[in-house]
Amino acid sequence: MENETDQKHIYRQQSKVMKSDRYHRNRHKGCIIWLTGLSGSGKSSISFEIERLLFERNVSAYVLDGDNLRHGLNRDLGFSADDRRENIRRSAEAAKLFVDAGIITLLSLISPYRVDRDAARALFEAGDFIEVYVKCPLDVCEQRDPKGLYKKARTGEIREFTGISAPYEPPLQPEIVIQTDSQTLIESAEQIMQYLRTYQYLQD
Ligand SMILES: Nc1ncnc2c1ncn2[C@@H]1O[C@H](COP(=O)(O)OS(=O)(=O)O)[C@@H](OP(=O)(O)O)[C@H]1O
Ligand SMILES: Nc1ncnc2c1ncn2[C@@H]1O[C@H](COP(=O)(O)OP(=O)(O)O)[C@@H](O)[C@H]1O
């Protein structure tokens, strides 16, 4: 690390507001719901649907969407394995700030490499990280092709496209698996809402 010496002189500052204080005030926990899956599997649709459902219940929730982050914070990054790793690292660090603030944070990123997702998980306390595998066969994603990207990947106009010319490693032990080729969007969102209620992320 180029600034290892400088890092030695940086100290963590402690908030006077405890995590439990926020939980009691907000009546819900802060956590990260990490949605991983192929392009077109349904990550964004599900995230924004849950954000709306939670908002209607007066729960603080916010979506950090991979596409949107790549317009700002991550605009300098492409799709090589190294750039994806940095994309995921920065996004996870940003999400951690939201979680510390007590917000239910939905992060939808293809995040194709297991090692990168595991590194993200390691940033969070046990129970604060909910990995959701948004599972959908490649041929169904390709048929949906909501942005016409698979077509471009097949002609070679887009290189290193996940599922076509770059790998996707499915999670081994995600907290939730959502099968979006056999469910409606509403059913998929409800599956995550049910998890939040069952494990008391929501108090009422
Ligand atoms: N080469 C390549 N591979 C995959 N995806 C591509 C590529 N080029 C552009 N896009 C568009 O970028 C979105 C994926 O960005 P992410 O930040 O989620 O990707 S990653 O987590 O860093 O792998 C992805 O969004 P979603 O379709 O919502 O998944 C695509 O719209
Ligand atoms: N159960 C489901 N959950 C989420 N999306 C679904 C589902 N069934 C069909 N879809 C459709 O699949 C597409 C998924 O696109 P999108 O949410 O942009 O995926 P991603 O963010 O993973 O690229 C949308 O057109 C959506 O309406």
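Everything that follows concerns the structure shown earlier in this document.
Okay, so let's go over this structure. The structure displayed is predicted, hence computed values, not measured ones.

### Considering the nonpolar core
Moving on, step 1. In terms of nonpolar packing, the biggest core is built from 23 residues, with Ile33, Leu54, Ile130, Val132, Ile192 and Leu196 touching the most fellow members.
Moving on, step 2. Broken down by element, this core gets its largest block of residues, 5 residues, from helix 9 (residues 185-198).
Moving on, step 3. The residues contacting Leu54, other than those within four sequence positions of it, are Val59, Ala61, Ile104, Met193, Leu196 and Leu202.
Moving on, step 4. Within the second largest apolar cluster, 13 residues are counted, among which are Leu69, Val99, Leu109 and Ala120.

### Brief notes about the site of ligand 2
Moving on, step 1. Close to ligand 2 lie 16 residues, the nearest being Gly40, Lys43, Ser44, Ser45 and Gln183.
Moving on, step 2. In this structure, an oxygen atom belonging to ligand 2 sits 2.5 Å away from a side-chain N or O atom of Ser45.
Moving on, step 3. Protein contact buries 78% of the 570 Å² of open area that ligand 2 shows by itself.
Moving on, step 4. Where the shell around ligand 2 is concerned, the elements lending two or more residues are helix 3 (43-56) and helix 9.
Moving on, step 5. If you tally residues by element for the shell around ligand 2, the top one is helix 3, at 4 residues.

### Some details on the packing of aromatic side chains
Here the distance between the centres and the angle between the planes together describe a pair of aromatic rings.
Moving on, step 1. Evaluation of the coordinates by the stated rule reveals 7 aromatic pairs.
Moving on, step 2. Where Tyr150 meets Phe161, the ring centres are 5.0 Å apart and the plane angle is 75°; that geometry is what we call edge-to-face. In this pair, Tyr150 sits in helix 8 (residues 149-155) while Phe161 sits in the loop between helix 8 and strand 5 (176-179), placing the two residues 11 residues apart along the sequence. Assigned by exposure class, Tyr150 and Phe161 land together as buried.
Moving on, step 3. Ring geometry for Tyr195 versus Tyr199: centroids 4.6 Å apart, planes at 40°, classification tilted.
Moving on, step 4. The exposure class of Tyr195 is buried, given its relative accessible area of 17%.
Moving on, step 5. Members of the aromatic cluster, joined through ring pairs, are Trp34, Phe124 and Phe129.
Moving on, step 6. A cation over a ring is seen here: Lys29 above Tyr23, with NZ or CZ 5.9 Å from the ring centre.
Moving on, step 7. For Lys29, the ring lying beneath its charged end belongs to Tyr201, and the centroid distance is 5.0 Å.

How each quantity is defined
- Residues numbered from 1 in each chain as written.
- Chains lettered and ligands numbered in written order.
- Predicted model: local features only at pLDDT ≥ 70, side-chain atom pairs only at ≥ 80, totals over all residues.
- Heavy atoms only, no water.
- Core = buried A, V, L, I, M, F, W, Y, C linked by side-chain atoms within 4.5 Å.
- Buried < 20%, exposed > 50% of the residue type's maximum accessible area, 1.4 Å probe, protein only.
- Helix = DSSP H or I, 4+ residues; strand = E, 2+ residues; numbered from the N terminus.
- Contact = heavy atoms within 4.5 Å.
- Near = heavy atom within 4 Å.
- Polar contact = N/O pair within 3.5 Å; in protein donor to acceptor, adjacent residues only side chain to side chain.
- Areas by Shrake-Rupley, 256 points an atom, 1.4 Å probe, with all protein chains shown as cover.
- Phe/Tyr/Trp six-rings, centres within 6.5 Å; stacked < 30°, edge-to-face > 60°.
- Lys NZ or Arg CZ within 6 Å of the ring centre and 35° of its normal.

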